[in-house]
Amino acid sequence: MKDIIIIVFATIFVENFVLSKFLGICSFLGVSKNLSDSIGMSGAVVFVMTIASAVTWLVQEYILDPLSMQYLQTITFILVIAALVQVVEIFMKKSLPRLYKALGIYLPLITTNCAVLAVAILNIQRDYTFLESIVFGFSGGVSYMVALVIFAGIRERLELCDIPECFKGFPISLVAAAFVSLAFMGFSGLFAG
Amino acid sequence: MMITNIIIPASIIGGMGLLFGLGLAVVSKKFAVASNDERIEEIIDVLPGANCAACGYSGCVAYATAVVNEGAKTNLCSVGKEAVTKKISEIMGVNAESTEKLTARVMCAGFEGITTHKYEYEGVSSCIAASQLHAGHSACRYGCLGFGDCAAVCPLNAIQITRGIAMVIEPICAGCGLCAETCPKKIIKMMPAHNITSVTCSNGDKGVAVRHICSHGCIGCTRCVKVCEYGAITMSGSLAVIDPYKCQNCGKCVEVCPEHTIETITFAPCDRKEA
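Let us look at the structure shown here.

Procedures and definitions
Residues numbered from 1 in each chain as written. Chains lettered and ligands numbered in written order. Predicted model: local features only at pLDDT ≥ 70, side-chain atom pairs only at ≥ 80, totals over all residues. Heavy atoms only, no water. Helix = DSSP H or I, 4+ residues; strand = E, 2+ residues; numbered from the N terminus. Buried < 20%, exposed > 50% of the residue type's maximum accessible area, 1.4 Å probe, protein only. Contact = heavy atoms within 4.5 Å. Areas by Shrake-Rupley, 256 points an atom, 1.4 Å probe, with all protein chains shown as cover. 1 Å grid on protein atoms, 1.4 Å probe; cavity = no way out; pocket = protein on both sides within 12 Å on 5 of 7 lines; lining within 4 Å. Points joined across faces, edges and corners; volume = space filled by probe spheres on them. Nonpolar A, V, L, I, M, F, W, Y, C, P; charged D, E, K, R; others polar. Buried area = accessible area lost by both parts, 1.4 Å probe. Salt bridge = Lys/Arg side-chain N within 4 Å of Asp/Glu carboxyl O. Polar contact = N/O pair within 3.5 Å; in protein donor to acceptor, adjacent residues only side chain to side chain. Core = buried A, V, L, I, M, F, W, Y, C linked by side-chain atoms within 4.5 Å. Axes fitted to C-alpha atoms, helices over the stretch in contact; angles between N-to-C directions. Parallel < 35°, antiparallel > 145°, perpendicular 65-115°, else oblique. Left-handed = near helix turned anticlockwise from the far one by under 90°. Pairing = 2+ DSSP bridges. Patch = residues over 30% accessible without salt bridge, like charges linked within 9 Å, V, L, I, M, F, W, Y side chains within 5 Å. Phe/Tyr/Trp six-rings, centres within 6.5 Å; stacked < 30°, edge-to-face > 60°. Lys, Arg positive; Asp, Glu negative; His and termini not counted. Charge placed at Lys NZ, Arg CZ, Asp CG, Glu CD.

1. Considerations on the overall build of chain B
Helix and strand counts for chain B come out as 11 helices and eight strands. Among the 275 residues that make up chain B, the fraction classed as buried is 40%. Within chain B, contacts between residues at least 6 apart in sequence are counted, and of these 58% link residues at least 24 apart. For chain B, the accessible area works out to roughly 15,000 Å², and carbon and sulfur atoms hold 58% of it.

Shown next, in the form of structure tokens:
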């Protein structure tokens, strides 16, 4: 139980996928323009990451390892992720068309979101058990959500600020992202003992 | 040996691909947009098929598609009139009520000189920004701030700022509701356009407090409630609220309102020219 709790908090704060590992930056900058879209997007990522962790762990354990086909890891994992993203996309198109439109290209891009692949591969590298990998996948998604929601809040405020012309848009967003990332460095060492 | 080295990984990937493909096929059947297609067909059957394009789409098929996919209004067919509107509404599962024309209305008339300012605001010219600073510079915390966030978001330019207050030019308003969403004070309400008698105040505070800051606000005297023959006016706290479906626009409440808070909203042609 203690291990599980440590995985959750360590993943969300200390090893935040976006802010400490710098994974999934593309969609992080792309979808953080407003709060409600960013919540929808991270909801999709949480779902994909959690299910992907479970399925890829099973694939690794019961197909790749027994046949010693570990070199197929990347391509099979991407296959799993792509299929999951497709499911999310079909579901959203039907049930949440407004969000589907707002996310646009970023939704299919979850397929190539390195954060999702990283979760799957880290599960294997760290020898997590099945339960641990699901928890790791879920909290990885939540860490993405935390980063995205915080940053969307900041960007909504930035819209209203008097920013020098040359900093408007992406430059100031990147500066802000750097500061948020620095702030999260404050969490490092939280679970050292 | 060489052959198995190729066959095994190929069959793994192929097998997984097949499995996921089948899974996706099931899911896409389940969440298919196919159910939408049926509705399009049904609406096409209901429409007169004149392809007159009076609805603003290229023809009956385009309109039916727009109703299903883009949420176009169900009452645009001027050939079939209400009968068709009703049938389309049934197919879409929306109330025929919701097809009546809505209009946005700013529930505040605290023009310059009528209400005062708490402080001089010199920040970004935006209601959202101003409202974050002690709920805005208007002395009334429910009052319109007049920076025109609603006017900026209106696709039809149907909102103009007159003496510090946003006003909706109702004949132009299409009732999309973007302004109501944008307004940080939430004082823009979507009303049925036929209801032209309106309480132009959103302040539910006690009468003394309202009178102190605004000479146009609802003081909660309940005279309008008593005079209304249709029981259309109720008090929400100390703010009069008119039920637009009960109101017959008789105008008795307008006459009796001591603060002239209840107004009959009219738009003479000259008003529209100014816009």
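2. Notes on empty space enclosed by the protein
All names here are of chain B. Enumeration over the complete set of coordinates arrives at six cavities of 30 Å³ or more. Of the volumes computed, that of the largest cavity is approximately 110 Å³. Residue lining of the largest cavity: 16 residues in total, with C218, C221, C224, A240 and C257 positioned closest to the centre. Of the residues contributing to the lining of the largest cavity, the split by class is 10 nonpolar, four polar and two charged.

3. With respect to the interface of chain B and chain A
Taken together, the 19 residues of chain B in the interface contact 18 residues of chain A. Both faces combined, the contact of chain B with chain A buries some 1,700 Å², and carbon together with sulfur accounts for 85% of it. At the junction of chain B with chain A, the criterion picks out zero salt bridges. Our count for the chain B to chain A interface comes out at zero residue pairs in polar contact (both at pLDDT 80 or more). Those elements that place two or more of their residues in the side of chain B that touches chain A are α1 (2-30) and α5 (127-131) of chain B.

4. With respect to the environment of C52 of chain B
Tracing the chain through its elements places C52 of chain B in the loop between α2 (34-46) and α3 (60-69). Each C-alpha atom of the pair C52 of chain B and V79 of chain B lies 8.4 Å from the other, and the pair is 27 residues apart in sequence.

5. Points about the nonpolar core
Ranked by internal contacts, the top residues of the largest apolar core, which has 54 residues, are F28, M41, V48 and I110 of chain A. Counting residues per element, this core draws most heavily on helix α3 (residues 35-64) of chain A, which supplies nine residues. The contact partners of V48 of chain A, leaving out residues within four places of it in the chain, are I81, L84, V85, V88, I110 and V116 of chain A. In this structure, I159, C173, C179 and I188 of chain B belong to the second largest nonpolar core, which totals 20 residues.

6. Structural notes on the packing of α3 of chain A against helix α7 (residues 130-158) of chain A
Working note: a packed helix pair is described by the angle between its axes plus the distance between those axes. Residue and element names in this part refer to chain A. It is the contact of α3 with α7, at a shortest axis distance of 8 Å, that shows an interaxial angle of 165°. As judged from the angle between their axes, α3 and α7 are roughly antiparallel. Here α3 and α7 pass one another in a crossing that is right-handed. When the residues that make up the contact of α3 with α7 are grouped by side-chain class, the tally is 18 nonpolar, 10 polar and one charged.

7. So, the pairing of strand β6 (residues 233-236) of chain B
Relative to strand β7 (residues 239-242) of chain B, β6 of chain B is paired through four bridges, and the arrangement is antiparallel. When the sheet's bridge partners are listed, S236 of chain B is paired in β7 of chain B with L239 of chain B.

8. Details of a nonpolar patch on the surface
Residues and elements named next belong to chain A. On the surface, a nonpolar cluster with roughly 590 Å² of combined accessible area is contributed by M1, I5, I6, F9, L190 and F191. In this structure, F9 sits in helix α1 (residues 2-14). A relative accessible area of 40% places F9 in the partly exposed class.

9. Considerations on the packing of aromatic side chains
All names here are of chain A. Within the structure shown, the criterion is met by eight aromatic pairs over all chains. Ring geometry for F13 against F187: centres 4.9 Å apart, planes inclined by 40°, an arrangement best described as tilted. Taken together, the residues F13 in helix α1 and F187 in the segment after α8 (170-185) connect sequence positions 174 residues apart. Owing to a relative accessible area of 25%, F13 belongs among the partly exposed residues under this scheme. Ring plane angle 55° and centroid distance 5.3 Å describe the contact between Y128 and F136, whose orientation is recorded as tilted. Both residues of the pair, Y128 and F136, count as buried.

10. Digging into a negative patch on the surface
Where like charges cluster on the molecular surface, the negative patch consists of E38, E41, E42 and D45 of chain B. With relative accessibility at 64%, the residue D45 of chain B sits in the exposed group.

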